[in-house]
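# Breakdown of the fold
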Amino acid sequence: MKQPLESLLHATLTNLTGDLFPKAALPEGPLLERTRDLAHGDFATNVALVLAKRAGRQPRELARAIIAALPKSELISKVEIAGPGFINFSLAASAYHAELKTLLAAGAAYGRNQAGAGGHAMVEFVSANPTGPLHVGHGRGAAVGDCLCRLLTATGWAVTREFYYNDAGQQIDNLALSVQARCKRIEPGQPGWPKDGYRGEYIQDVANAYLARQTVHADGSSVTAGADADDLDAIRRFAVAYLRHEQDLDLRAFGVEFDVYYLESSLYTEGRVQQTVRALIEHGHTYEKDGALWLKTTDFGDDKDRVMRKSDGSYTYFLPDVAYHVSKWQRGYIRMINEQGADHHSTILRVRAGLQALEMGIPKGWPEYVLHQMVTVMRGGAEVKLSKRAGSYVTLRDLIDEVGRDATRYFLVARKADSQLTFDIDLARSQTNENPVYYIQYAHARIASVFRQLAEKGYTWNVKNGKANLAQLTQTHEQALLVNLSRFPEMLETAARNLEPHLMAQYLRELANDFHTYYDAHTFIVEDAALRDARLTLITAARQVLQNGLALLGVSAPESM
RNA sequence: GCGCCUGUAGCUCAGCUGGAUAGAGCACCGGCCUUCUAAGCCGGCGGUCGCAGGUUCGAGUCCUGCCAGGCGCGCCA
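First, a word on scope: everything that follows refers to the structure included in this document.

## Focus on the pairing of strand 11 (residues 292–295)
- Residues Ala292 and Trp294 line one face of strand 11 and the alternating positions Leu293 and Leu295 line the opposite face, and both faces are buried.
- With four bridges joining them, strand 10 (residues 286–289) and strand 11 adopt antiparallel strand pairing. Within strand 11, the position partnered with Lys289 by the bridge is Ala292.
- Linkage of strand 10 to strand 11, two consecutive antiparallel strands, is achieved through a turn of two residues, within which Asp290 is found at a positive phi near 55 degrees.

## Quick word on the protein's contact with RNA strand B
- Taken together, 68 residues lie near RNA strand B, and Pro30, Tyr439, Tyr442, Ser449 and His522 sit nearest.
- Near-protein atoms of RNA strand B (within 4 Å) split between backbone and bases, with sugar and phosphate holding 63%.
- In this structure, a sugar or linking oxygen belonging to RNA strand B sits 2.5 Å away from a side-chain N or O atom of Arg415.
- The contact in question runs from a phosphate oxygen of RNA strand B to an N or O atom on the backbone of Gln420, over 3.3 Å.
- For the surface near RNA strand B, the secondary structure elements donating two or more residues are helix 2 (47–55), strand 4 (86–91), helix 16 (436–456) and helix 20 (502–521).
- Here the surface near RNA strand B is composed, by residue class, of 22 nonpolar, 27 polar and 19 charged.

## Points about helix 12 (residues 346–357)
- End to end, helix 12 covers 17 Å across 12 residues, agreeing with the expected 16 Å (1.5 Å per residue, within 8%).
- With nine of 12 residues buried, helix 12 is to be regarded as a mostly interior element.
- Within the sequence span of helix 12, burial applies to Thr347, Ile348, Arg350, Val351, Ala353, Gly354, Leu355, Gln356 and Ala357.
- Tucked into the core, helix 12 has its buried residues touching helix 10 (272–282), strand 11, strand 12 (306–309), helix 11 (318–330), strand 13 (335–341) and strand 14 (368–372).

## Examining the layout of surface pockets
- Estimates place the volume of the second largest pocket at around 630 Å³.
- In terms of lining, the second largest pocket is formed by 22 residues, of which the most central are Lys2, Pro489, Glu490, Glu493 and Thr494.
- At the level of secondary structure, the elements contributing two or more residues to the lining of the second largest pocket comprise helix 1 (2–16), strand 1 (32–34), helix 4 (93–106) and helix 19 (488–497).
- Here the lining of the second largest pocket takes six residues from helix 19, the largest share from any one element.
- Per-class residue counts for the lining of the second largest pocket are six nonpolar, six polar and 10 charged.

## Looking at the environment of Phe318
- In this fold, Phe318 is placed in helix 11.
- For the pair Phe318 and Ile67, spaced 251 residues apart in the sequence, the C-alpha separation amounts to 58 Å.
- Not counting residues within four places of it along the chain, the set of residues in contact with Phe318 comprises Leu295, Arg306, Val307, Met308 and Arg350.

## A look at the packing of helix 18 (residues 476–486) against helix 20
- The interhelical angle for the contact between helix 18 and helix 20, taken along N-to-C directions, is 160 degrees, at an axis separation of 9 Å. Put simply, helix 18 runs roughly antiparallel to helix 20. Every pair of crossing elements has a handedness; the one defined by helix 18 and helix 20 is left-handed. Of the residues in helix 20, those touching helix 18 at His477, Glu478, Ala480, Leu481, Asn484 and Leu485 are Tyr507, Leu511, Asp514, Phe515, Thr517, Tyr518 and Ala521.
- Taken together, the residues of the contact of helix 18 with helix 20 sort by class into eight nonpolar, three polar and two charged.

## Describing the packing of helix 11 against helix 12
- Contact geometry of helix 11 with helix 12 gives a least axis separation of 9 Å together with a crossing angle of 60 degrees. As summarised for this structure, helix 11 and helix 12 are arranged oblique, according to the angle between their axes. The interaxial crossing formed by helix 11 with helix 12 has right-handed handedness. Residues Phe318, Asp321, Val322, His325 and Val326 of helix 11 form the contact with helix 12, whose participating residues are Arg350, Val351, Gly354 and Leu355.
- For the contact of helix 11 with helix 12, the class distribution of residues is five nonpolar, two polar and two charged.

## Things to note about unusual backbone geometry
- In this structure, the amide linkage connecting Trp366 to the following residue, Pro367, adopts the cis form with an omega of 0 degrees.
- For Pro367, the position within the fold is in the loop between helix 12 and strand 14.
- Residues other than glycine seldom take positive phi values, yet Asp196 does so here, at roughly 60 degrees.
- Residue placement: Asp196 occurs in the loop between helix 6 (169–183) and helix 7 (202–211).
- Classification of Asp196 by relative accessible area gives partly exposed; the value is 40%.

## Observations concerning helix 16
- Spanning 21 residues, helix 16 covers 30 Å between terminal C-alpha atoms, matching the ideal 30 Å at 1.5 Å per step.
- Taken as a whole, helix 16 has its buried residues at Val437, Ile440, Gln441, Ala443, His444, Ala445, Arg446, Ile447, Ala448, Val450, Phe451 and Leu454.
- Contact partners of the buried residues in helix 16: helix 14 (405–413), helix 20 and helix 21 (529–553).
- Where helix 16 ends, the next residue or the one after it, Gly458, has phi of about 80 degrees, a positive value.

## Points about the packing of aromatic side chains
- Following the criterion strictly, the structure yields 22 aromatic pairs and no others.
- With a centroid separation of 5.4 Å and an interplanar angle of 40 degrees, the aromatic rings of Phe411 and Phe423 are classed as tilted. One end of the pair, Phe411, is in helix 14; the other, Phe423, is in strand 17 (residues 421–424), with 12 residues separating them in the sequence. Accessibility classification places Phe411 together with Phe423 in one group, the buried group.
- Considering the side-chain rings of Tyr518 and Phe524, the 4.9 Å spacing of their centres and the 50 degrees angle between planes classify their relative orientation as tilted.

## What about the environment of Arg57?
- By the element assignment, Arg57 lies in the loop between helix 2 and helix 3 (59–69).
- Exposure remark for Arg57: the relative accessible area of 32% places this residue in the partly exposed category.
- For the pair formed by Arg57 and Gly332, sequence separation is 275 residues and the distance between their alpha carbons is 50 Å.
- Residues contacting Arg57, with those up to four places away along its chain left out, are Leu20, Ala52 and Leu62.
- A polar atom in the side chain of Arg57 sits 2.9 Å from the side chain of Glu61.

## Thoughts on the pattern of salt bridges
- Scanning the model with the defined rule gives 25 salt bridges in all.
- For the salt bridge of Arg57 with Glu61, the shortest nitrogen-to-oxygen distance reads 2.9 Å.
- The salt bridge partner of Glu201 is Arg182, with a shortest N-O separation of 3.3 Å. Taken together, the residues Glu201 in the loop between helix 6 and helix 7 and Arg182 in helix 6 connect sequence positions 19 residues apart.
- Since its relative accessible area comes to 54%, Glu201 is described here as exposed.
- One salt-bridge network, in which partners are shared between bridges, spans Asp146, Arg150, Arg161 and Arg409.

So, how was this worked out
Residues numbered from 1 in each chain as written. Chains lettered and ligands numbered in written order. Predicted model: local features only at pLDDT ≥ 70, side-chain atom pairs only at ≥ 80, totals over all residues. Heavy atoms only, no water. Buried < 20%, exposed > 50% of the residue type's maximum accessible area, 1.4 Å probe, protein only. Helix = DSSP H or I, 4+ residues; strand = E, 2+ residues; numbered from the N terminus. Pairing = 2+ DSSP bridges. Near = heavy atom within 4 Å. Polar contact = N/O pair within 3.5 Å; in protein donor to acceptor, adjacent residues only side chain to side chain. Nonpolar A, V, L, I, M, F, W, Y, C, P; charged D, E, K, R; others polar. Expected span 1.5 Å × (residues − 1). Contact = heavy atoms within 4.5 Å. 1 Å grid on protein atoms, 1.4 Å probe; cavity = no way out; pocket = protein on both sides within 12 Å on 5 of 7 lines; lining within 4 Å. Points joined across faces, edges and corners; volume = space filled by probe spheres on them. Axes fitted to C-alpha atoms, helices over the stretch in contact; angles between N-to-C directions. Parallel < 35°, antiparallel > 145°, perpendicular 65-115°, else oblique. Left-handed = near helix turned anticlockwise from the far one by under 90°. Phe/Tyr/Trp six-rings, centres within 6.5 Å; stacked < 30°, edge-to-face > 60°. Salt bridge = Lys/Arg side-chain N within 4 Å of Asp/Glu carboxyl O.

Structure, rendered in structure tokens:
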């Protein structure tokens, strides 16, 4: 909708270049914006205001010149100068009718674009260590990351979803020791309980399964428990597989799937960590001090250098991190987006520094990051502390079971990732209109219901007749709906470009509001066949966009509620 | 002390690349179901956009400095 008009304007301005203003004065980026107020038409441009100084003319005078140079177009019904020098465009009703037909023809594909041109993008998200069930923070990561994947796919990217986890190292040792202790009936706090052990009850479940010689499947392989409480290595393998499997069940319940599970241990077994160390040394960005090997991250903006190989010969976390990103780069991803909790924000600089130090031609801003801030969980008016170690955290599974998948996903993705989120379990549990996801789903269900009623009343919807009579849609509410439906492709484009899924959640709420308002103000199933078919055509379009939008959020679009 | 994020209505939050009169939901007050699902609609109440400067024709949005909150600042991951 916006694009043809923008092209027209751009061409007009290009023609005026040199005459009215220098070419360099032309602003880059979008020229047009949607107006907030219908009195200002459909689209507005501030280009006359922007160019005024460079052109040495009054904005309104410049606006007149631009309008005069504008070729005639069927799209536009009115152009006027407003305020200090805005040019406001009103679109012809026929332009909206054409858009509606485009929408219906495109169906589930409406709003999609090819901005990514089939390029390969990866989103790495969740990446929880297999030391316990997923908590609410992981849930936010899962919801946001999954929506990012959907947005990127819808805008022409070939997306790979990857989950990275640490299957060795200190945390996993703690896990194994904790399970071992539980195998020996030692409880947290008792003598023999490991320092920094995992205290959650799920550790006992793992221990019980281990002693019962269960077999668990995870990430393409299966592990059978040895039942020997002294075999720490067997316990470790079993516990990791057991908890990875449990996380998989959580993710499946949440409707999130991954293409690749990447094991940190493989970075060692494949020699990638060693190769990375060697390369970093070769490029001269390292030095030895106090028996440790340091990377000069200060060369790349860090406030102090970082140890990469400890004096005991083992590596700090960030070296495998760098090696891991080298793997991602070598796998050919143009875009690499890491979705993670903001408590890990300090890794951004270091990973990028490590990649730059390798001098492999990796762009400075690669990878991209989307960080989500903490989720505070409230229950009974009190905060529930998230603590994996203490074992008293709210799991993602708790939320899904109590609130439902749809509401959980919507809540976790409807806010800017940048802002802290308060997840009030009591509020989200209450199945009332306080839950905005119901509001949107209800709009969809209502439309479905209208068509059920239509059949009961012995009518059928004549699509052809509806499309031929779109001019009958003259009501204010109908026009508002037409306008907002046509905004969907722009919203999708913006949400994907900015990596901000919450924009889609927000938009759908507005669209649902437009529909509900329309629904209450007018009857769709009327005697007049032309009007009836036109209205049914309009609400079918609304149903389609609600479906498309909800699909981008991974939220269902129910036929009835 | 340093870095990242946040500060908008009583509460929870939107506000897209700076634009024209700052928007929703909840709460509160008042209306609307013999008519396609009232999980809905309409109206009202409510704001010095943390504070102070600056840039700009124009700032909630950009810059600087403060103030407040969150998260990080390890030879943990």
